Amino acid sequence: MVKLILILGDQLTPEVAALRAADPATDVVVMAEVMAEGTTPRHHPQKIALFLSAMRHFAADLRAAGWTVAYSTLDDPANSQSIAGEVLRRATEHGATRVIATHPGDWRLHQMLTDLPLDVTILPDDCFIASHADFAAWAAGRKQLRMEWFYRDMRRKTGLMMEGSEPAGGQWNYDHDNRGRAEPDLLRVPALRFAPDAVTETVLDLVAARFPDHFGTLRPFGWAVTRADALRALDHFVTHHLADFGATQDAMLAGDPTLHHALLSPYLNLGLLKPLEVCQRVEAAWQAGRVPINSAEGFIRQIIGWREYIRGIWGLEGPAYLTRNALDHTRALPPAFWGGATKMACVKAAVAQTRDMAYAHHIQRLMVTGNFALLAGVDPAHVHDWYLSVYIDAVEWVEAPNVLGMSQFADGGLLGSKPYVSSGAYIDRMSDYCKGCAYKVKDRTGPNACPFNLLYWQFLIRHRDTFQKNPRMAPMYRTWDKMAAPHRATVIAEAETLLAKLDAGQVV
Ligand code: FAD
Ligand code: DLZ
Ligand code: SF4
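The rules behind each value
- Residues numbered from 1 in each chain as written.
- Chains lettered and ligands numbered in written order.
- Predicted model: local features only at pLDDT ≥ 70, side-chain atom pairs only at ≥ 80, totals over all residues.
- Heavy atoms only, no water.
- Near = heavy atom within 4 Å.
- Polar contact = N/O pair within 3.5 Å; in protein donor to acceptor, adjacent residues only side chain to side chain.
- Areas by Shrake-Rupley, 256 points an atom, 1.4 Å probe, with all protein chains shown as cover.
- 1 Å grid on protein atoms, 1.4 Å probe; cavity = no way out; pocket = protein on both sides within 12 Å on 5 of 7 lines; lining within 4 Å.
- Sits in = over half its atoms within 2 Å of the grid points.
- Helix = DSSP H or I, 4+ residues; strand = E, 2+ residues; numbered from the N terminus.
- Nonpolar A, V, L, I, M, F, W, Y, C, P; charged D, E, K, R; others polar.
- Salt bridge = Lys/Arg side-chain N within 4 Å of Asp/Glu carboxyl O.
- Buried < 20%, exposed > 50% of the residue type's maximum accessible area, 1.4 Å probe, protein only.
- Core = buried A, V, L, I, M, F, W, Y, C linked by side-chain atoms within 4.5 Å.
- Contact = heavy atoms within 4.5 Å.

Take the site of ligand 2 next. Within the structure, ligand 2 sits among 17 residues, and Asp10, Ala32, Val34, Glu37 and Gly105 are positioned closest to it. Between an oxygen atom of ligand 2 and a main-chain N or O atom of Val34, the distance comes to 3.0 Å. In the environment of ligand 2, an oxygen atom lies 2.5 Å from a nitrogen or oxygen atom belonging to the side chain of Glu37. Taken by itself ligand 2 offers 490 Å² of open surface, and the protein chains cover 97% of this. With respect to the detected pockets, ligand 2 is housed in the largest cavity. Looking at the shell around ligand 2, the elements with two or more residues in it are α2 (35-39) and α3 (45-64). Broken down by element, the residue count for the shell around ligand 2 peaks at three residues, all from α3. When grouped by side-chain class, the residues that make up the shell around ligand 2 number ten nonpolar, three polar and four charged.

Right under this line is the structure:
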């Protein structure tokens, strides 16, 4: 009897579990472009276009390989505009009662599949290096789920950059070489962009018509939408950027939004690239002597360390993780996150590039927008919705632990032993934003004081009970306590005035 094989927009590989369990002679692949996925939350237009165009290209590949694909386009009048509705419609059309799916990367869709009035099998998503079961076994009985220990196990498991049982070069981690600043460089090779083909142009017109008021610019659109182009992007990164990736990975430059970053996360997350093949490519470049060890190891750690670890946490914690708010933060997201006016040059730059490219790199996400939202006490659910909607690579399994755990401390420290907060000094050290800012990063109080300087201390003081016994935070409290009482009172009063301005919708 015919089975329906559901392929979601981020499962675009012939190796996805549901396809491997299917028979092209009898089964029907179901793929559906639906309004519900573009609007829950209201995704960036480039992100919607990437998913839809990549889905169309993948469906064409499947048909060429002999599969029957029931593909719903967004503008099909019969489209029910939800994944559940489309599965049910196809079940009726084909007289099918069985559905094979691969575990979605979003708990909402997992629930939807479980609720379908059909015989649904959800297979584990084995496009990751560690399965949920592997991660649960690793986490069992540990007091602290430290990424570093998980990463070392993953190095041993994959054999990447290993010399027998020892790490290549004698160290597991070369991050002390990876904290450099970057200088403007007109000769730096730009990130590879791809001219839209006819399929993508059609999708771009459709997205422009259907999602006209979503935050973000749609054109120019330069993302790869096929595996062949994603492999070109990988090649470009390894050839032109990997060597300097490590040294500048934490740096930020106003005029250079991508520096030596890979821009590979959307392709990894949609299934166009495989994590292991990307790491093997990087390892080979290092073995050939073309890139230094700190860059190769640093990059591989992001993929087999952070990426797999984050996904493990998402699987382990389940849907309840999405509602965590350990610090009881309730503030609304400031309008600056949606492109509203702000005097803060760093926030303005990070949001502007997010609007224009649907991309910001890790430190911009963590130490500019994330840091500001955390210091200002924004409700983590709002922060989560924002990150999920605006970034080209955002799928819940990777976005939620990064935002709620790493960036907002909403999980109470499961993912990080201390919150990622800083005053303006960190941003000044790692970027050139401050020199073009209306605020003065060296001013700790007064009309021009950098908001990060004021809010940093106010955050520490309002959460004193939570953090002052934390060994990594205690020195900051000692520093605060040594400051003169009138200065401390001024800092807190000015921080509160700033927060009141945010609440009143005034420009900060
Ligand atoms: P590079 O800096 O070149 O890094 C190489 C690769 O490492 C990335 O492509 C990515 O696959 C992987 N990687 C690095 N750090 C992480 C991490 N913390 N978690 C998972 N993978 C990682 N990444 C997403 O893929 N989707 C998200 O929705 C997302 N949201 C984030 C939200 C916040 C608040 C923070 C702090 C980080 C988030 N990240 C997310 C992680 C990271 O910022 C992006 O993976 C990275 O910026 C993607 O750009 P790149 O490919 O140029 O990365
Ligand atoms: C993000 C997204 C968008 C914008 N559109 C679709 C879609 O039309 N059809 C689809 O199958 N998936 C889409 N996605 C991805 C899903 O919202 C979701 O993030 C993943 O399927 C989770 O595995
Ligand atoms: Fe950002 Fe403060 Fe620097 Fe302005 S002075 S760019 S607000 S860190």
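On we go.
This brings us to the pattern of salt bridges. Pairing between side chains of opposite charge can happen when their charged atoms approach one another. Tallied over the full model, the rule gives 30 salt bridges. Residues Glu201 and Arg219 are paired through a salt bridge, measuring 3.2 Å at the closest nitrogen-oxygen approach. Taken together, the residues Glu201 in helix α8 (residues 198-210) and Arg219 in the loop between α8 and α9 (227-240) connect sequence positions 18 residues apart. Residue Glu201 is classed as partly exposed on the basis of its relative accessible area of 31%. Take Arg219: its relative accessible area is 40%, and that puts it in the partly exposed class. When the shortest N-O distance is used, the salt bridge between Lys442 and Asp428 registers 3.5 Å. Taken together, the residues span a long stretch of sequence, with Lys442 in the loop between α18 (424-430) and α19 (451-462) and Asp428 in helix α18 at a distance of 14 residues. Here the residues in one salt-bridge network are Asp76, Glu86, Arg89, Arg90 and Glu93, joined through shared partners.

The general pattern is negative phi for most residues beyond glycine and trans for most peptide bonds. With an omega dihedral of -5 degrees, the bond running from Thr40 to Pro41 counts as a cis peptide bond. As for its position among the elements, Pro41 is in the loop between α2 and α3. Cis geometry is found at the peptide bond from Arg219 to Pro220, where omega equals 0 degrees. Tracing the sequence through the fold places Pro220 in the loop between α8 and α9.

To continue, consider the nonpolar core. Within the largest apolar cluster, 156 residues are counted, with the highest numbers of intra-cluster contacts made by Met31, Leu264, Tyr267 and Phe299. A total of ten residues in this core trace back to one element, the largest contributor, which is α3. If we skip the residues at most four places from it in the chain, Leu264 touches Ala230, Ala233, Leu234, Phe237, Leu273, Val278 and Phe299. If you look at the next biggest cluster of nonpolar residues, it comprises 21 residues, including Val2, Leu6, Leu8 and Leu116.

Quick look at the site of ligand 3 now. Met344, Cys346, Cys434, Cys437 and Cys450 are the nearest of the 13 residues found near ligand 3. Elements with a minimum of two residues in the shell around ligand 3: α14 (345-357), α18 and α19. Of the residues assigned to the shell around ligand 3, the class counts are twelve nonpolar, one polar and no charged.

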